[in-house]
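Observations on chain architecture
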Amino acid sequence: MSGQNGGSATEAPGVARTISGGSPAPRSLLIWDAPNLDMGLGAILGGRPTTSHRPRFDALGRWLLTRTADLSVAADDGSRDIEPEATVFTNIVPGSADVVRPWVEALRNVGFAVFAKPKVTEDSDVDSDMLDHIELRRHTVGLAGLIVASADGQAFREPLEEIAAEGVPVTVLGFREHASWAVTSEVIEFVDLEDIAGVFREPLPRINLDSLPDDGAWLAPFRPLSALLSGRTH
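Reading guide: rules and limits
- Residues numbered from 1 in each chain as written.
- Predicted model: local features only at pLDDT ≥ 70, side-chain atom pairs only at ≥ 80, totals over all residues.
- Heavy atoms only, no water.
- Salt bridge = Lys/Arg side-chain N within 4 Å of Asp/Glu carboxyl O.
- Helix = DSSP H or I, 4+ residues; strand = E, 2+ residues; numbered from the N terminus.
- Buried < 20%, exposed > 50% of the residue type's maximum accessible area, 1.4 Å probe, protein only.
- Phe/Tyr/Trp six-rings, centres within 6.5 Å; stacked < 30°, edge-to-face > 60°.
- 1 Å grid on protein atoms, 1.4 Å probe; cavity = no way out; pocket = protein on both sides within 12 Å on 5 of 7 lines; lining within 4 Å.
- Points joined across faces, edges and corners; volume = space filled by probe spheres on them.
- Nonpolar A, V, L, I, M, F, W, Y, C, P; charged D, E, K, R; others polar.
- Pairing = 2+ DSSP bridges.
- Right-handed = clockwise from strand over helix to strand, strands pointing away.
- Axes fitted to C-alpha atoms, helices over the stretch in contact; angles between N-to-C directions.
- Parallel < 35°, antiparallel > 145°, perpendicular 65-115°, else oblique.
- Contact = heavy atoms within 4.5 Å.
- Expected span 1.5 Å × (residues − 1).

What follows covers the pattern of salt bridges. Enumeration according to the criterion identifies 16 salt bridges in this entry. The salt bridge partner of E161 is R157, with a shortest N-O separation of 3.2 Å. Placement of the pair is E161 and R157 together in helix 5 (residues 153-165), with a separation of four residues, close to one helical turn. When its relative accessible area of 27% is taken as the criterion, E161 is described as partly exposed. A single network of salt bridges, built from pairs that share partners, joins R176, E177, D192, E194, D195 and R206.

As structure tokens, then:
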């Protein structure tokens, strides 16, 4: 798959470290679908996340390093050199650059690459760019493992199952409420983001209707009733 415009994700810079034969090391690749996960987190919280409920990418990075080390140990000779690589894909709404810049710089400082694309139309999403990048790594340096943080089964289910069928360990990160296609998959591992140590500073206010407490639970509205009047004309 090729990018649709200049600055495609397929032009992402490679990582310099190579294996002993001089060829690039295969990747333990993490792809983070920021628009999709922001929407899922907002649905759980009923609004924009506060600092305590924003994911910590340093904790996610340490988790990726541990997974990569486990892949190396599990290799046939027990010493396979695998390179961890993580990229956050995001849209930038016109006029929001100053607000988003500190977040982007913090991600890069942790060790994540960032692919940022202007949100100029409703179709200016990053799905094709994420798939392009996966295909680039898959057919060049190779994938030792693939982790996709997204609940978007329409975009990812078929390509991820295809990669898993080739023997590549494939994991989906997300929220179990929104990714039933991955939770129930027989070939894809699902990991709930809240189950990764340190990713959230405080527990998310999650209510599962399938496992309510005996005393019941309050479900707060996602917006005030007054919002019903916002579209009325006078």
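On we go from here.
Moving on, we come to the packing of aromatic side chains. Tallied over the full model, the rule gives four aromatic pairs. Centroid distance F175 to F200: 6.4 Å. Interplanar angle 35 degrees. Geometry classified as tilted. In this pair, F175 is assigned in the loop between strand 5 (170-174) and helix 6 (180-183) and F200 in the segment after strand 6 (189-192), connecting sequence segments 25 residues apart. Classification of F175 as buried rests on a relative accessible area of 4%.

So, on to the layout of surface pockets. Here the largest pocket is characterised by a volume of approximately 1,100 Å³. The wall of the largest pocket is formed by 33 residues, among which D38, R48, P49, R54 and W103 lie closest to the centre. Counting residues per element, the ones that place at least two in the lining of the largest pocket are helix 1 (34-45), helix 2 (57-74), strand 2 (83-92) and helix 3 (97-110). Considering each element in turn, the lining of the largest pocket owes the most residues, seven residues, to helix 1. Of the residues in the lining of the largest pocket, the class split is 20 nonpolar, six polar and seven charged.

Another aspect to go through is the pairing of strand 4 (residues 143-149). For strand 4, the buried fraction is high: seven of the seven residues fall into the buried class. In this sheet, strand 4 lies alongside strand 1 (residues 27-33) in parallel orientation, the contact comprising six bridges. Looking at the pairing, L29 lines up with L146 of strand 4. Alignment of strand 4 against strand 5, held across four bridges, turns out to be parallel. Residue pairing in the sheet places V148 in a bridge with V172 of strand 5. Considered for its hand, the β-α-β crossover made up of strand 4, helix 5 and strand 5 is right-handed.

Another aspect to go through is the packing of helix 4 (residues 127-139) against helix 5. Remark: helix 4 packs on helix 5, axes separated minimally by 11 Å, with the N-to-C direction vectors making an angle of 10 degrees. With respect to their mutual orientation, helix 4 and helix 5 come out roughly parallel. Across the interface between the two elements, D127, M130, L131, I134 and R138 of helix 4 pack against A155, F156, P159, E162 and I163 of helix 5. Split into classes, the residues belonging to the contact of helix 4 with helix 5 amount to seven nonpolar, no polar and three charged.

This brings us to helix 1. In this model, helix 1 (twelve residues) spans 16 Å end to end at C-alpha, consistent with the 16 Å of a helix rising 1.5 Å per residue. Along its buried surface, helix 1 packs onto strand 1, strand 2, helix 3, strand 4 and strand 5. G46 sits one or two positions beyond helix 1 and adopts a positive phi of about 75 degrees.

Pairing is parallel across the open sheet formed by six strands, whose spatial order is 3-2-1-4-5-6. Strands with a single pairing partner mark the edges of an open sheet, and in this sheet they are strand 3 (113-118) and strand 6. Strand-to-strand twist in this sheet, taken as the mean axis angle between neighbours without regard to direction, amounts to 20 degrees. Each of strand 1, strand 2, strand 3 and strand 4 touches helix 4; the most contacted strand, strand 1, lies at about 180 degrees to it.

So, about the side chain of E85. Among the secondary structure elements, E85 is positioned in strand 2. By relative accessible area, E85 is classed as buried at 8%. Discounting residues that sit within four places of it in the chain, E85 has contacts with R27, S28, L29, L30, L64, H133 and R137.

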